[in-house]
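The chain contents come next:
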Amino acid sequence: MNTLCINNGLVIDPESCTARLASVGVKDGRIAEISDTPLHADTELDAAGHVVCPGFIDVHAHVDNVTTYPDHETCAKLSLLQGVTTLVSGNCGLSVPNVTEFFDRIDKGYPLNHAELLGGSTLRKMVGACNIYAPATKEQIDHMCCLARQGLSQGAAGISLGVGYTPGTSLDEILALATVAREYGRVVSIDTRMEDDYDLSSLADAIEVSRRTGARIVISHLVYQYGEFVMREALDMLDKARAQGVDIWADSGMYVDWATSIGSECFRESYVFAHESILPSLLVATGEYTGQRLDEQLYRTMRTLHPNETVICKTDAEPSIALAFTRDYIMPSSDTAPYNPGEGHPQIAGTFAAFFRMVREQANLNLCEAVRRATLLPAQVMGFARKGRMRVGADADIAVFDPKTIYDNAAYVDKGRPDDPPEGIDFVLVGGTLAVRGKEVVNAAAGRSLKCCRCCSCKV
């Protein structure tokens, strides 16, 4: 007997990219059956007229308590309300130092499933390479590789690098860590560095790293990196590399206005004051100056006194979002992170609804392909063998939504609330447990840690 069933929905199978009217039965945390007729269970949900598909997998998150905001569970709930059932945190080189302790905490009950990357910047600090402008020594690199092997053996999903935040990172360091990731069949996620608005050298380096080591590379938040000026050139480079057999992929958000801490290398004085238009385009997203635009005085005040507060860089690159998703190797991601209520970036609550709204309004992707990008593709790239599938035996992480009404309500802090949940998400299951009904989280403890093993590696 099924414990839960979802009847009469449009069931989308991302593996075959097909859709059919069917009912889904769930038992013991797995999909137990998919039937052409309605099923019976202890809990029966009606999905007539709505899509039933695997829960969304967000491969680029920072929901692991490495920010100044410890309430990461609230942030995880915002993802859950979007239909996300699995997060991958530890991106941009920033992760928890001990993945075992992190997994133990998640396994006590968490809003959704959670995987963790090993951050290169975190590894640097652990071996004493704390100067972000200086390359690590050979001894430090060897020590980092040893720590990386330990973390990967404990289940980390891969290694992340934030070379824009640690400009002293050498190619030798990247190659060494990528080689370790390749040994374990895990990904290397890279937040590339741009010396100016048109610089593609870091993307070329990432391609070369994959070519030389055989590691699977994921370029982080593609639109944030290249959307304003060089998206076509970046896509051409990725297309060419992939045609040559390079194992490289990318994730990308639904916003062109990116955010990070005002004290980071990204907002260094030499960059900000070399571009006269930058300061008025910077919107404070957290803290006592939330909603204000920066001028020189406020910039210096925040860099000195409030370096951990988040600032959003407003750009003019909207067409690049749809352009990025013309490539079948690019998956949606949020770059989400914890903030205080009413603060932050709308990506934390709106990303996946915005993605499916784009699909509806612009018709650049059909619905089945859009579901594949948000479910099966990230599961394959990350090596999550039972996630992202709609078939018997797969984990019962399931999203039910209305493709006609799904809509992102999250807004920038100067226009509304960035943490407003979306419309059109009906139900979300995590591990076979009903976790979301409408805009209400009804179970915030169904998620578990997602540990990888050597068998997790898979070909896409």
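Details of the structure are given in the entry above.
Given the structure is predicted, the values throughout are model-derived calculations rather than measurements. (Residues numbered from 1 in each chain as written. Predicted model: local features only at pLDDT ≥ 70, side-chain atom pairs only at ≥ 80, totals over all residues. Heavy atoms only, no water.)

Chemist: I'm lost on the overall build of the chain in this one. Help?
Modeler: Assigned secondary structure in the chain consists of 14 helices and 21 strands. Its C-alpha atoms give the chain a radius of gyration of 21 Å, within 12% of the compact-globule value 23 Å for 460 residues. The principal-axis extent of the C-alpha atoms belonging to the chain is close to 65 × 45 × 40 Å. In the chain, once contacts between residues fewer than 6 apart in sequence are set aside, the share between residues at least 24 apart is 77%. When the 42 basic and 59 acidic side-chain charges of the chain are each reduced to a single mean position, those positions are 6 Å apart. (Helix = DSSP H or I, 4+ residues; strand = E, 2+ residues; numbered from the N terminus. Rg over C-alpha atoms; globule rule 2.2 N^0.38 Å. Contact = heavy atoms within 4.5 Å. Lys, Arg positive; Asp, Glu negative; His and termini not counted. Charge placed at Lys NZ, Arg CZ, Asp CG, Glu CD.)

Chemist: Before we go on, may I ask you to explain the pattern of salt bridges in this structure?
Modeler: Throughout the structure, instances matching the rule amount to 27 salt bridges. Residues E173 and R124 are paired through a salt bridge, measuring 3.1 Å at the closest nitrogen-oxygen approach. With E173 in helix α5 (residues 171-183) and R124 in helix α3 (residues 120-126), this residue pair connects regions lying 49 residues apart in the sequence. Exposure class is identical for E173 and R124. Each is buried. In this structure, K138 and D142 form a salt bridge, with 3.0 Å as the shortest nitrogen-oxygen distance. Pair noted here: K138 and D142 are both in helix α4 (residues 138-153), with a separation of four residues, about one helical turn. With relative accessibility at 58%, the residue K138 sits in the exposed group. (Salt bridge = Lys/Arg side-chain N within 4 Å of Asp/Glu carboxyl O. Buried < 20%, exposed > 50% of the residue type's maximum accessible area, 1.4 Å probe, protein only.)

Chemist: Sorry if this is basic, but what is going on with the sheet that holds strand β9 (residues 118-119) here?
Modeler: What holds strands together in a sheet is hydrogen bonding between their backbones, with the strands either parallel or antiparallel. What the six strands build is an open sheet, ordered β9-β10-β11-β12-β13-β17; its pairing is parallel. On the outer flanks of this sheet lie β9 and β17 (330-332), each paired with one strand and no other. By the bridge criterion, four bridges tie strand β11 (residues 187-191) to strand β12 (residues 216-219) in an arrangement that is parallel. Among the inter-strand pairings, V188 is bridged to a residue of β12, identified as I217. (Pairing = 2+ DSSP bridges.)

Chemist: Where do I start with the sheet that holds strand β8 (residues 113-116) in this structure?
Modeler: The sheet built from three strands is open, its strands ordered β6-β7-β8 with parallel pairing. In this open sheet, the two edge strands, each paired with only one partner strand, are β6 (56-58) and β8. In this sheet, adjacent strand axes meet at a mean angle of 15° when their direction is disregarded. Bridge count between strand β7 (residues 84-89) and β8: four bridges; the pairing is parallel. Bridging from a neighbouring strand, T86 pairs with N113 of β8. (Axes fitted to C-alpha atoms, helices over the stretch in contact; angles between N-to-C directions.)

Chemist: When you look at unusual backbone geometry in this model, what are you seeing that I'm missing?
Modeler: Note on backbone geometry: most residues besides glycine have negative phi, and most peptide bonds are trans. Here C17, not a glycine, exhibits a phi torsion of approximately 55°, which is positive. By relative accessible area, which is 32% here, C17 ends up partly exposed. Here the phi dihedral of C92 falls at roughly 60°; this positive angle occurs in a residue that is not glycine. Relative to the assigned elements, C92 resides in the loop between β7 and α2 (99-106).

Chemist: Looking at this structure, how should I read the pairing of β12?
Modeler: It is a general feature of regular strands that their side chains alternate between the two faces of the sheet. In β12, alternate side chains face the same way, and those of R216 and V218 on one face and I217 and I219 on the other are all buried. After leaving β11, the chain enters helix α6 (residues 201-213) and then returns to the sheet as β12, a path that is right-handed. Alignment of β12 against strand β13 (residues 248-252), held across three bridges, turns out to be parallel. Bridged to I219 within β13 is A250. (Right-handed = clockwise from strand over helix to strand, strands pointing away.)

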